[in-house]
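The residues making up each chain are set out below.
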Amino acid sequence: MQFRQPIRLSGIRIIGSTEDETAPQTVKLFQGKDHMGFEEAGDEEPVQAITFEADQVNKGVVAPVRFVKFQCV
């Protein structure tokens, strides 16, 4: 996802269902990689990786990110 102006990112919310398996378990966050594909994401080291529990996804709970790393995205 790319933003049009700098933002401060404090958390990410993933909403899905663990019953029909529409939600991811792990999300890798990269910064400053505008044209990155899945192939490059497998090789690159993420800035942060977030593992979501089933309750977080079902209830839409916000998972905090390392605010220091995402102050100006």
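Structure's up top.
What counts, and at which threshold
- Residues numbered from 1 in each chain as written.
- Predicted model: local features only at pLDDT ≥ 70, side-chain atom pairs only at ≥ 80, totals over all residues.
- Heavy atoms only, no water.
- Helix = DSSP H or I, 4+ residues; strand = E, 2+ residues; numbered from the N terminus.
- Buried < 20%, exposed > 50% of the residue type's maximum accessible area, 1.4 Å probe, protein only.
- Contact = heavy atoms within 4.5 Å.
- Salt bridge = Lys/Arg side-chain N within 4 Å of Asp/Glu carboxyl O.
- Core = buried A, V, L, I, M, F, W, Y, C linked by side-chain atoms within 4.5 Å.
- 1 Å grid on protein atoms, 1.4 Å probe; cavity = no way out; pocket = protein on both sides within 12 Å on 5 of 7 lines; lining within 4 Å.
- Points joined across faces, edges and corners; volume = space filled by probe spheres on them.
- Nonpolar A, V, L, I, M, F, W, Y, C, P; charged D, E, K, R; others polar.

Honestly, the overall build of the protein chain in this entry has me stumped. Any pointers?
Scanning the protein chain from terminus to terminus reveals 2 helices and 4 strands. The order of helices and strands in the protein chain, counted from the N terminus, is β-β-α-β-α-β. Considered along the principal axes of its C-alpha atoms, the protein chain spans approximately 35 × 25 × 20 Å. Counting every position in the protein chain, which comprises 73 residues, the buried fraction comes to 22%. Long-range pairs, those at least 24 residues apart, make up 59% of the contacts in the protein chain with a sequence separation of at least 6.

Sorry, what's going on with the pattern of salt bridges here?
Charged atoms that come close allow side chains of opposite charge to pair. Applying the stated criterion to the full structure yields 1 salt bridge. The salt bridge involving lysine 33 is made with glutamate 44; its shortest N-O contact spans 3.4 Å. With lysine 33 in the loop between β2 (26–29) and α1 (38–43) and glutamate 44 in the loop between α1 and β3 (48–51), the pair connects residues that are 11 residues apart, well separated along the chain. Taking the relative accessible area as the measure of exposure, lysine 33 reaches 42% and is therefore partly exposed.

Explain the environment of threonine 51 here, please?
Mapped onto the fold, threonine 51 is located in strand β3. Taking the C-alpha atoms as reference, threonine 51 lies 4.3 Å from threonine 26; in sequence the two are 25 residues apart. Beyond its immediate sequence surroundings of up to four residues, threonine 51 is in contact with Gln25, Thr26 and Gln56.

What is the right way to read the nonpolar core from this model?
Generally speaking, soluble globular proteins have nonpolar side chains that are buried together. Of all hydrophobic cores here, the largest spans 12 residues; its members are Leu9, Ile12, Ile14, Ala23, Val27, Leu29, Ile50, Phe52, Val57, Ala63, Val65 and Phe70. Discounting residues that sit within four places of it in the chain, alanine 63 has contacts with Gly11, Ile12, Ile50, Phe52 and Gln56.

Got a minute to help me understand the environment of valine 47 in this structure?
Inspection of the secondary structure assignment puts valine 47 in the loop between α1 and β3. A relative accessible area of 25% means that valine 47 is categorised as partly exposed. As for valine 47 and proline 6, which are separated by 41 residues in sequence, their C-alpha atoms are 17 Å apart. With sequence-adjacent residues up to four places away left out, valine 47 is seen in contact with Leu29, Phe30, Gln31, Arg66, Lys69 and Phe70.

What is the right way to look at the layout of surface pockets in this model?
Gaps left between atoms are located by rolling a probe of water-molecule size over the structure's atoms. Considering only enclosed or pocket space, the largest pocket measures out at about 770 Å³ in volume. If you trace the largest pocket, you find 19 residues lining it, with Met1, Gln2, Phe30, Gln31 and Lys33 closest to the centre. Its residues assigned to classes, the lining of the largest pocket shows 12 nonpolar, 4 polar and 3 charged.

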